[in-house]
Amino acid sequence: MKFNHSVHLDKDKCMGCINCIKRCPTQAIRVRNGKAAIIPEFCIDCGECIRICPHHAKLATYDPLSVMDDYKYKIALPAPSLYAQFNNLDDINIVLRALLKMGFDDVYEVSSAAELVSELSRKYIEDNMEKRPFISSACPSVVRLISVRFPNLIEHILPISAPVDIAASEARKRAIEKTGLPSEDIGVIFISPCPAKVTALSDPLGYEKSEVDAVVAIKDIYPVLLSHMKNSIDDEEDMLTSGKIGISWGRSGGEAGGLLIDSYLAADGIENVIKVLEDLEDQKFTNLDFIELNACSGGCVGGTLTVENAYVAKAKLNRLRKYQPVSRSHLDGKQLDKPYFEKEIEYTPVFRLGKSMKDSIAAMAKVSALLDKFPGLDCGSCGAPTCRALAEDIVCGRAHERDCIYLLRDYIHRISRQFSNLDSLSGIGGDYNDDYYGDDYIDDYSTDYVDDYNNPNESDYNKY
Ligand code: SF4
Ligand code: SF4
């Protein structure tokens, strides 16, 4: 299995402090040989490790602003969370006009496409009430999490394309009609609040290929836009194509609000999202039509590529939407190119310990036996987030028992006792005693453990 990710490690900056291993919601990080490593199949690109790392060693991959130079005609797709970054902004048009001033040829608001998605979702839910509750498909981290950890909930994912994808395809269509340029000369550039959206565009779930050509970070474009916004204040061109519903998608509860239903739940922050999904799996919610889940606290305004505090940004977005009409974009019979998922989301069993059920049961028994040996402190000193994670790593061949410092201490004590016994034997002139050298743990220690630590490049640790 191949997994694309936008979150990665800068090894030079990593101090091996283990702060990140405890915070990762999918236990995707290990610290080995003094450096963190992400297990790619476990990572959902939620960005929690970027937030927590005190040494700024976890980074997101995205495009530089200079990517604009690669295209003859460039279209900006601003996420609604972009509008929430600026102080004292009372007219979103100032941001949209500044995007043109900084070099974009056109702007297509993602919030405008969000209003179309809200309309599609209302109709889809109404027509498919037997499949409720529906889970929002807008947050790629959440969709990835469900696909690897909650197979029973996959059928509840709302199979409607994300606003950014609908915006990209509509914007490209409009540009081709307007300019006559071939598609490859047109650059559709998303201004993103989070790394998960970067991953989703390179490795889309639910469809074959994204129409987005590049992704730039809100935090990179923010200072450039600020300088152009000063010159956009007095212009009068009205470019706004979204209202309350679309703008609200930038914060938690916005998508659910746009469905105009009462029976919904909105949760944000990856730990809360996991709790809701676990309860949903246990059938604790029996009367909900829709569940909106955002990996970031506060919703997209809390993405790691933004500049403003998530809750301040949420308040700003609420203020900005106040004097807007409910909605400015409507389907009105318009045919969208890819309104629904093109392919089903499949369960990816990355957490399974064995290839078959029989193997997994046998592996679980080994994990239990190992857990009986471990102290159960979940101290993280072994480089795994919990004793169970270390036990699973050992069973999967990714770690050794003696990565546990408590077991290592016992081994060292036993070895030192062995050597002092040897000393005393030689001291009284006794015969060389084969039994001591034939002992299991001395053998084990000398061939296996010492080898790995002396030759880390050849050890199992470097599997990541
Ligand atoms: S938090 Fe993780 S990535 Fe950052 S320095 Fe510590 S171990 Fe390395
Ligand atoms: S991005 Fe999220 S899932 Fe991936 S390693 Fe970091 S904390 Fe874990």
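Chemist: Can you break down the overall build of the protein residue by residue, with the values?
Modeler: Along the backbone of the protein there are 17 helices and eleven strands. Principal-axis analysis of the C-alpha atoms places the extent of the protein at approximately 100 × 50 × 40 Å. Counting across all 464 residues of the protein, residues that qualify as buried make up 53%. Considering only contacts in the protein between residues 6 or more positions apart, those separated by 24 or more positions represent 78%. Surface summary for the protein: the accessible area is close to 21,600 Å², and the carbon and sulfur share equals 48%. In the protein, which carries 53 positive and 71 negative side-chain charges, the distance between the mean positions of the two groups comes to 4 Å.

Chemist: Please provide a residue-by-residue account of the nonpolar core, values included.
Modeler: Grouped together as the largest cluster of nonpolar side chains are 88 residues, with contacts concentrated most on Ile75, Leu77, Ile146, Phe190, Leu277 and Leu293. Broken down by element, the residue count for this core peaks at eight residues, all from helix H4 (residues 110-127). Within the second largest apolar cluster, 34 residues are counted, among which are Met68, Leu99, Val107 and Met229.

Chemist: Give me the lowdown on unusual backbone geometry, citing residues and values where you can.
Modeler: Cis geometry marks the peptide bond from arginine 132 to proline 133; its omega dihedral reads 0 degrees. By the secondary structure assignment, proline 133 is in the loop between H4 and strand S7 (134-135). The phi dihedral of isoleucine 18 is positive, around 65 degrees, even though this residue is not glycine. Mapped onto the fold, isoleucine 18 is located in the loop between strand S1 (7-9) and helix H1 (19-23). The partly exposed category is assigned to isoleucine 18, whose relative accessible area is 24%. Positive phi is not limited to glycine here, since aspartate 378 has a value of about 50 degrees. With respect to the secondary-structure elements, aspartate 378 resides in the loop between helix H13 (357-373) and helix H14 (387-395).

Chemist: Account for the sheet that holds strand S6 (residues 106-107), naming residues and giving values.
Modeler: Sheet strands associate in pairs through backbone hydrogen bonding, adopting either a parallel or an antiparallel arrangement. Judged by pairing direction, the sheet is parallel, and its four strands sit side by side in the order S6-S5-S8-S9 without closing on themselves. Pairing within the sheet leaves two strands with one partner each, and these edge strands are S6 and strand S9 (214-217). As judged from the four bridges shared by strand S8 (residues 186-192) and S9, these two strands associate in the parallel manner. Opposite serine 192, over in S9, you have alanine 217 as the bridge partner. Here helix H6 (residues 163-179) sits on the sheet in contact with strand S5 (73-78), S6 and S8, set at roughly 150 degrees to S5.

Chemist: Can you explain the site of ligand 1? Please cite residues and give values.
Modeler: Within the structure, ligand 1 sits among 14 residues, and Cys14, Met15, Cys17, Cys20 and Cys53 are positioned closest to it. Classifying every residue of the shell around ligand 1 gives ten nonpolar, three polar and one charged.

Chemist: Could you give me a rundown of the pattern of salt bridges, with the residues and numbers involved?
Modeler: Pairing between side chains of opposite charge can happen when the charged atoms of each approach one another. Enumeration over the complete set of coordinates arrives at 19 salt bridges. For arginine 30, the salt bridge is made with aspartate 393, and the minimal N-O distance between the two is 2.4 Å. Placement of the pair is arginine 30 in strand S2 (residues 29-32) and aspartate 393 in helix H14, with a sequence separation of 363 residues. When sorted by exposure, arginine 30 lands in the same class as aspartate 393, which is buried. Between aspartate 106 and arginine 174 there is a salt bridge; the shortest N-O distance is 3.1 Å. Pair noted here: aspartate 106 is in strand S6 and arginine 174 is in helix H6, with a separation of 68 residues, a long-range link.

Chemist: Provide a residue-level description of helix H7 (residues 195-202), including the pertinent values.
Modeler: Taking burial as the measure, the eight residues of H7 include seven buried ones, the bulk of the element. Among the residues of H7, Pro195, Ala196, Lys197, Val198, Thr199, Ala200 and Leu201 are the ones counted as buried.

Chemist: Give a detailed account of the sheet that holds S7, specifying residues and quantitative values.
Modeler: One open sheet holds the three strands; their spatial order is S7-S11-S10, and the pairing between them is parallel. Two strands in the sheet have a free side with no partner beyond their single neighbour: S7 and strand S10 (264-268). Pairing analysis gives two bridges linking S7 to strand S11 (residues 290-294), with the strands arranged parallel. Within S11, the residue paired with isoleucine 135 across the bridge is isoleucine 291.

Chemist: Got a sec to walk through the site of ligand 2? Specific residues and values, please.
Modeler: Taken together, 13 residues sit near ligand 2, with Cys24, Cys43, Cys46, Gly47 and Cys49 positioned nearest. Looking at the shell around ligand 2 residue by residue, the classes come out as nine nonpolar, two polar and two charged.

Chemist: Describe the pairing of S2, listing the residues and the values that go with them.
Modeler: The alternating pattern of S2 places Ile29 and Val31 on one face and Arg30 and Arg32 on the opposite face, and all of these are buried. Both S2 and strand S3 (residues 35-38) contribute to a ladder of four bridges, which runs antiparallel. Within S3, the residue paired with valine 31 across the bridge is alanine 36. Once S2 ends, the chain turns through two residues before running back antiparallel as S3, passing asparagine 33 with a positive phi of about 55 degrees.

Chemist: Any chance you could break down the packing of aromatic side chains for me, citing the residues and the numbers?
Modeler: If you walk through the whole model with that rule in mind, you get four aromatic pairs. On the basis of an interplanar angle of 80 degrees and a centroid distance of 5.7 Å, the ring pair of tyrosine 124 and phenylalanine 134 is categorised as edge-to-face. With tyrosine 124 in helix H4 and phenylalanine 134 in strand S7, this pair connects stretches of sequence that are ten residues apart. Of the two residues, tyrosine 124 and phenylalanine 134, both sit in the buried class. Above the plane of the ring of tyrosine 411 lies arginine 402, whose end atom (NZ or CZ) is 4.9 Å from the centre.

Chemist: Please give an account of the pairing of S10 that cites residues and values.
Modeler: The side chains of a regular strand alternate between the sheet's two faces. Where S10 and S11 come together, five bridges link them in parallel fashion. Following the sheet pairing, alanine 267 is matched in S11 by leucine 293. Running through helix H11 (residues 270-281), the crossover from S10 to the neighbouring parallel element S11 is right-handed.

Chemist: An account of the packing of helix H3 (residues 93-101) against helix H8 (residues 218-229) is needed here, citing residue identities and associated values.
Modeler: Running from N to C, H3 and H8 point in directions that differ by 100 degrees, and their axes come no closer than 8 Å. The angle between H3 and H8 places the two elements in the roughly perpendicular class. In this structure, H3 contributes Ile94, Val95, Ala98, Leu99 and Lys101 to the contact, and H8 contributes Ile221, Leu225, His228 and Met229. Of the residues that constitute the contact of H3 with H8, the class distribution is seven nonpolar, one polar and one charged.

Calculation criteria
Residues numbered from 1 in each chain as written. Chains lettered and ligands numbered in written order. Predicted model: local features only at pLDDT ≥ 70, side-chain atom pairs only at ≥ 80, totals over all residues. Heavy atoms only, no water. Helix = DSSP H or I, 4+ residues; strand = E, 2+ residues; numbered from the N terminus. Buried < 20%, exposed > 50% of the residue type's maximum accessible area, 1.4 Å probe, protein only. Contact = heavy atoms within 4.5 Å. Areas by Shrake-Rupley, 256 points an atom, 1.4 Å probe, with all protein chains shown as cover. Lys, Arg positive; Asp, Glu negative; His and termini not counted. Charge placed at Lys NZ, Arg CZ, Asp CG, Glu CD. Core = buried A, V, L, I, M, F, W, Y, C linked by side-chain atoms within 4.5 Å. Pairing = 2+ DSSP bridges. Axes fitted to C-alpha atoms, helices over the stretch in contact; angles between N-to-C directions. Near = heavy atom within 4 Å. Nonpolar A, V, L, I, M, F, W, Y, C, P; charged D, E, K, R; others polar. Salt bridge = Lys/Arg side-chain N within 4 Å of Asp/Glu carboxyl O. Phe/Tyr/Trp six-rings, centres within 6.5 Å; stacked < 30°, edge-to-face > 60°. Lys NZ or Arg CZ within 6 Å of the ring centre and 35° of its normal. Right-handed = clockwise from strand over helix to strand, strands pointing away. Parallel < 35°, antiparallel > 145°, perpendicular 65-115°, else oblique.

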